[in-house]
Amino acid sequence: MIVCVAVVGQQNNPLFIQSFTDGDDELKFHYIVHCSLDVIEEKVTNPKKTGTTMNETFLGLLYPTEDYKVYGYLTNTRVKFLLVTTDQDVRDVDVRSFFRRFHAAYVDAASNPFHVPGKRIISKAFAERVGAIVKSFGVPTT
């Protein structure tokens, strides 16, 4: 189950963070997202050491904890997408599909003429679209 998604800007500023839990865990997810940014930075600056190629936008598993797994995605413009999940057996294919759909939703939101690049995304339509993508996560498409 996805518990949090985040969009982080080029300067590591949070553009959008949404949690999908009933509890008051927002601060904890902010912490997890910011810890994951260090791992992304390491993968970007030392691709040979981490075994990733910079042609690949999907960064894979970034930050496993006891309760959560954090996956990352880096766009060509250095905007980072993060996915925090409680599932221990998530397939990379499902995560890649999620990030492709999440990236498409972000592009649509960023293409809004009233959106200022680098500022927080406050669009209700974007939040609803992200919620729909999260609900469909892991559901096989036929």
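Conventions adopted
- Residues numbered from 1 in each chain as written.
- Predicted model: local features only at pLDDT ≥ 70, side-chain atom pairs only at ≥ 80, totals over all residues.
- Heavy atoms only, no water.
- Core = buried A, V, L, I, M, F, W, Y, C linked by side-chain atoms within 4.5 Å.
- Buried < 20%, exposed > 50% of the residue type's maximum accessible area, 1.4 Å probe, protein only.
- Helix = DSSP H or I, 4+ residues; strand = E, 2+ residues; numbered from the N terminus.
- Contact = heavy atoms within 4.5 Å.
- Axes fitted to C-alpha atoms, helices over the stretch in contact; angles between N-to-C directions.
- Parallel < 35°, antiparallel > 145°, perpendicular 65-115°, else oblique.
- Nonpolar A, V, L, I, M, F, W, Y, C, P; charged D, E, K, R; others polar.
- Polar contact = N/O pair within 3.5 Å; in protein donor to acceptor, adjacent residues only side chain to side chain.
- Expected span 1.5 Å × (residues − 1).
- Arc of directions from axis to C-beta.
- Phe/Tyr/Trp six-rings, centres within 6.5 Å; stacked < 30°, edge-to-face > 60°.
- Pairing = 2+ DSSP bridges.

Describing the nonpolar core
Moving on, step 1. Core analysis: the biggest nonpolar cluster contains 25 residues, and Val5, Val7, Leu83, Phe98, Phe99, Phe102 and Phe126 have the highest contact counts within it.
Moving on, step 2. Contributing elements (two or more residues each) for this core: strand E1 (2-8), strand E2 (14-19), strand E4 (69-74), strand E5 (80-85), helix H3 (92-110) and helix H4 (124-135).
Moving on, step 3. The leading source of residues in this core is H3, at 7 residues.
Moving on, step 4. For phenylalanine 98, the contacting residues outside a window of four places in its chain are Ile2, Val5, Leu83, Ile133, Val134 and Phe137.

Overview of the packing of H3 against H4
Moving on, step 1. Orientation of H3 relative to H4, taken along the N-to-C sense of each, is 170 degrees, at an axis distance of 10 Å. Between H3 and H4, the angle is such that the two are roughly antiparallel. Residues Phe98, Arg101, Phe102, Ala104, Ala105, Tyr106, Asp108 and Ala109 of H3 lie in contact with H4, whose contacting residues are Phe126, Arg129, Val130, Ile133 and Val134.
Moving on, step 2. Considering only residue class, the contact of H3 with H4 consists of 10 nonpolar, no polar and 3 charged.

What to know about the side chain of histidine 115
Moving on, step 1. Here histidine 115 shows up in the loop between H3 and H4.
Moving on, step 2. Setting aside residues no more than four positions away along its own chain, histidine 115 makes contact with Ala109, Ala110, Arg120 and Ile121.

A look at the environment of lysine 28
Moving on, step 1. Here lysine 28 shows up in helix H1 (residues 26-45).
Moving on, step 2. Residue lysine 28 is classed as partly exposed on the basis of its relative accessible area of 36%.
Moving on, step 3. A distance of 3.1 Å separates polar atoms of two side chains, one belonging to lysine 28 and the other to tyrosine 68.

Observations concerning H4
Side chains of residues three or four places apart in an α-helix project in the same direction, reflecting 3.6 residues per turn.
Moving on, step 1. End to end, H4 covers 16 Å across 12 residues, agreeing with the expected 16 Å (1.5 Å per residue, within 8%).
Moving on, step 2. Taken as a whole, H4 has its buried residues at Phe126, Val130, Gly131, Ile133 and Val134. End-on, the buried residues of H4 take up no more than an arc of 160 degrees, which puts them together on one face. Facing away from the buried side of H4 by more than 90 degrees, the exposed set consists of Lys124, Ala125, Glu128 and Lys135.
Moving on, step 3. Buried positions along H4 lie against E1, E2 and H3.
Moving on, step 4. N-capping of H4 is provided by serine 123, with a side-chain oxygen placed 3.3 Å from the backbone N of alanine 125.

Points about the packing of aromatic side chains
The relative placement of two aromatic rings is captured by the distance of their centres and the angle of their planes.
Moving on, step 1. One pass over the structure, following the stated rule, counts 11 aromatic pairs.
Moving on, step 2. On the basis of an interplanar angle of 70 degrees and a centroid distance of 5.4 Å, the ring pair of phenylalanine 81 and tyrosine 106 is categorised as edge-to-face. Here the residue phenylalanine 81 occupies a position in strand E5, and tyrosine 106 occupies one in helix H3, the gap between them amounting to 25 residues. Take phenylalanine 81 and tyrosine 106: they sit in the same class, and that class is buried.

Notes on the sheet that holds E2
Moving on, step 1. Taken in spatial order, the 5 strands make up an open sheet running E2-E1-E5-E4-E3, and their pairing is antiparallel. Two strands close off the open sheet at either side, each with one partner strand: E2 and strand E3 (58-61). Taking the axes of each pair of neighbouring strands and ignoring which way they run, one obtains an average angle of 10 degrees across the sheet.
Moving on, step 2. Note that E4 and E5 share 6 bridges and pair antiparallel. When the bridges of E5 are listed, glycine 72 appears paired with leucine 82.
Moving on, step 3. Docked against the sheet, H1 engages E1, E2, E3, E4 and E5, running at close to 125 degrees with respect to E5.
Moving on, step 4. H4 contacts E1 and E2 of the sheet and is inclined by roughly 50 degrees relative to E2.

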